[in-house]
Amino acid sequence: MEATPGYQLALQQLTDSALPTGAFAHSLGFETYIERGLVRDEASFGVWLTAFARQQLTFSDGLGIRFLYEDHPVAELDSLLTAQLLPRQLREASVKMGGRLLEIGTDVFPSPALEEYRGLVTSGRASGHQPLAFAVVAHSLGVPLNEALAAYLFAAVTSLTQNAVRAIPLGQNAGQRLLRVAADGVAAAVERVGNLTLDDFGAVSPGLEISQMRHERQRARMFMS
Amino acid sequence: MSTTAVGPGPAALSPPAADRPERGRLELLITERDGRSIASRQFHEGALRVLRPHYLDESGQVCFVLVNPGGAYLGADLYVIEVEVESGARLLLTTQSATKIYRTPGSFAEQRMRLVLGDEAQLELAPDQLIAYREASYRQNTHITVRPTSSLIMAEVVTPGWSPDGAAFRYEEVRLRTEISLDPGEAPQLLALDNLLIVPSADDVTGMGFMEGYSHVGSLLVVDRRVDQALADELHGLTRAHEAYTGVSLTATVAGTTGLVLRSLSNSTEELRRLLQACTTLLRRRWYGQPPLDLRKY
């Protein structure tokens, strides 16, 4: 019998929803759909989550992780992410959670690559985005790309689902059913990330972007994005 | 990495080759002379040219109208536009009619645009809408380099490209990729990457999370040192009067200059045109004392 890979528990720790990055504070735009009455139950949130996984998580987060694994310079990817996350709150969310991940990572999974990325951020030469901070740590732990992608994307849909359970609200079992379906979306996203090119990086649908922008002006809000 | 923070650049382009002939090229150099902007150099080749320049008002801003005598872009066609607006000069670049992309069997039609703005230079890009028809594939790659004191206003509308049977979104793929870099003097830094990709053949693009049930998408990009949160809020307020679903946000700030991004979904080209014009009218009046842009009067 094969032993569990050395990185397995580290990867679980990194993608556990208890990891204190502040993901509970971000809807990444779905709160705008709740306010418009378009996301209001299990089925409608499922539609949004599928679109979010196919668009944002694939073309932005997922591709960023892949390019980092393919040795694109982290400073260049960081700059591309800052430039392509056009909705301000989304950019701030990525940097806020990325900053926490850089701190936690430095504390518990230090590596020269992580030290380098953190140095770029502290000296103002990079912003420190969540998918890149994750990818640097996962890469240094020896996690293969597709496992890292699947773990990151599933962690993202998990925290969004937990936030939707609180905000809509939905029952706990509905949340679990949503995650079971989202797992298929994550698997499809991992496959699609492998087939995209640098030209595709940051191509997010206008509907998601507009909703993320409109969140800035929403009066009653539970979430920061 | 050669320089920090510059995007993939040429990696985003495919080289001209035997299977990707250059169908048209336009080069313009705009210079300020005695309070008026003029073309100090002008070159065109193939299926791209400009109409005689004119002045729509007393501001000195020169207006060039881009013409594609062929009427449409076809498969594997490559069009190249290179424009430099020198220090203090002001250019309005528009089109004579909608950009139409017909069937592109085998390969996509492509437009590459490289725009460079000098200190205090201004560029207003106001093309007609893009229409991609059935089985059309189109890539538009725009690279813009500005200085901290340049001023850029860029408005675009993409239609769903109705097919003969009345169905929308029958085209293969439309990509509009715009990179804006800010050059403070040392190394250019990426300010905004606006990547609009619509692939109706791979995704259901009509519903929630994509086109939200709308058919047309419009964008406005503004880079100017006078862009701030108050302006973003003001433009957002203007959009409320229109039948459209609109968001406005700001880019990060590079060397003291910020970009503004407006994205809007609607069901008609006219509605989006009016919305974008309401925004550009405010900017033209406030920043340059110019009247609203009226391109239908000649």
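This section reports on the structure supplied with the text. Treat the numbers as computed from the prediction; the structure is a model and nothing was measured. (Residues numbered from 1 in each chain as written. Chains lettered and ligands numbered in written order. Predicted model: local features only at pLDDT ≥ 70, side-chain atom pairs only at ≥ 80, totals over all residues.)

1. With respect to the overall build of chain B
Helix and strand counts for chain B stand at two helices and 17 strands. What you see for chain B is a C-alpha radius of gyration of 18 Å, in line with the 19 Å of a compact globule of 298 residues. In terms of its C-alpha atoms, chain B occupies a principal-axis envelope of roughly 55 × 50 × 45 Å. When the 298 residues of chain B are sorted by exposure, 50% land in the buried category. Put simply, 74% of the contacts in chain B that link residues at least 6 apart link residues at least 24 apart. (Helix = DSSP H or I, 4+ residues; strand = E, 2+ residues; numbered from the N terminus. Rg over C-alpha atoms; globule rule 2.2 N^0.38 Å. Buried ≥ 20, exposed ≤ 12 C-beta atoms within 10 Å, placed from the backbone. Contact = placed C-beta atoms within 7 Å.)

2. A short note on the overall build of chain A
Within chain A one finds eleven helices and zero strands. When the elements of chain A are put in sequence order from the N terminus, they spell out α-α-α-α-α-α-α-α-α-α-α. For a compact globule of 225 residues, the expected C-alpha radius of gyration is about 17 Å, and chain A comes in at 17 Å, within 12% of that figure. Expressed as lengths along the three principal axes of its C-alpha atoms, the size of chain A is roughly 45 × 45 × 35 Å. Residues classed as buried in chain A amount to 54% of the 225 residues present. Considering only residue pairs separated by 6 or more positions, chain A has 82% of its internal contacts joining residues 24 or more positions apart.

3. A short note on the pairing of strand 11 (residues 137-146) of chain B
Residue and element names in this part refer to chain B. In terms of burial, strand 11 is largely enclosed, as eight of its ten residues are buried. Here strand 8 (residues 109-117) runs beside strand 11; their pairing, made up of eight bridges, is parallel. Residue pairing across strands places Arg112 opposite Asn141, the latter belonging to strand 11. The pairing of strand 11 with strand 13 (residues 173-182) spans ten bridges and is classified as parallel. Directly across from Arg139, in strand 13, lies its bridge partner Arg175. (Pairing = 2+ DSSP bridges.)

4. Things to note about the sheet that holds strand 5 (residues 78-85) of chain B
Residues and elements named next belong to chain B. The sheet built from seven strands is open, its strands ordered 2-1-5-8-11-13-14 with mixed pairing. Two strands lie at the open edges of the sheet, namely strand 2 (36-46) and strand 14 (189-198), each paired on one side alone. Here the strands of the sheet are splayed against their neighbours by 10° on average, with no regard to which way each runs. In this structure, strand 1 (residues 22-33) lies alongside strand 5, joined through eight bridges in parallel fashion. (Axes fitted to C-alpha atoms, helices over the stretch in contact; angles between N-to-C directions.)

5. Let's talk about unusual backbone geometry
Residues and elements named next belong to chain A. Backbone torsion omega between Ile168 and Pro169 reads -10°, so that peptide bond is classified as cis. Position of Pro169 among the secondary structure elements: in the loop between helix 9 (145-167) and helix 10 (172-195). Although it is not a glycine, Asp71 adopts a positive phi angle of roughly 70°. Tracing the chain through its elements places Asp71 in the loop between helix 4 (56-69) and helix 5 (74-84).

6. Describing the interface of chain B and chain A
Listed as interface residues are 35 residues of chain B and, on the opposing side, 35 residues of chain A. For the side of chain B that touches chain A, the elements supplying multiple residues, two or more each, are strand 14, strand 16 (244-254) and strand 17 (257-266) of chain B.

7. Observations concerning the packing of helix 3 (residues 42-54) of chain A against helix 10 of chain A
Residues and elements named next belong to chain A. Packing of helix 3 against helix 10 brings their axes to within 10 Å, and their N-to-C directions diverge by 25°. With respect to their mutual orientation, helix 3 and helix 10 come out roughly parallel. Like other packed secondary-structure pairs, helix 3 and helix 10 cross with a definite hand, here right-handed. When helix 3 is examined against helix 10, the residues Glu42, Phe45, Gly46, Leu49, Thr50, Ala53 and Arg54 are found in contact with a partner set consisting of Ala174, Arg177, Leu178, Val181, Ala182, Gly185, Val186 and Ala189. Considering only residue class, the contact of helix 3 with helix 10 consists of nine nonpolar, three polar and three charged. (Parallel < 35°, antiparallel > 145°, perpendicular 65-115°, else oblique. Left-handed = near helix turned anticlockwise from the far one by under 90°. Nonpolar A, V, L, I, M, F, W, Y, C, P; charged D, E, K, R; others polar.)

8. A word on the environment of Glu35(A)
Residue and element names in this part refer to chain A. Tracing the backbone through its elements, the reader meets Glu35 in helix 2 (residues 30-35). Among the residues examined, Glu35 registers 16 C-beta atoms within 10 Å and is labelled partly exposed. With 16 residues separating them in the primary sequence, Glu35 and Leu19 have C-alpha atoms 28 Å apart.

9. Concerning helix 3 of chain A
All names here are of chain A. In a regular helix each residue adds 1.5 Å, so 13 residues correspond to 18 Å; helix 3 covers 18 Å between its end C-alpha atoms and thus fits that length. Of all the residues in helix 3, the buried ones are Phe45, Trp48, Leu49, Thr50, Ala51, Phe52, Ala53 and Arg54. On its buried face, helix 3 is in contact with helix 2, helix 4, helix 9, helix 10 and helix 11 (206-214). (Expected span 1.5 Å × (residues − 1).)

10. Observations regarding the packing of helix 9 of chain A against helix 10 of chain A
Residue and element names in this part refer to chain A. Put simply, helix 9 and helix 10 touch, their axes get as near as 9 Å, and they point 150° apart. Classified by the interaxial angle, the pair formed by helix 9 and helix 10 is roughly antiparallel. Every pair of crossing elements has a handedness; the one defined by helix 9 and helix 10 is right-handed. Between helix 9 and helix 10, the contacting residues are Asn146, Leu149, Ala150, Leu153, Phe154, Val157, Thr158, Thr161, Gln162 and Val165 on the first element and Gln172, Gly175, Leu178, Leu179, Ala182, Ala183, Val186, Ala189, Val190 and Val193 on the second. Taken together, the residues that form the contact of helix 9 with helix 10 break down as 14 nonpolar, six polar and no charged.

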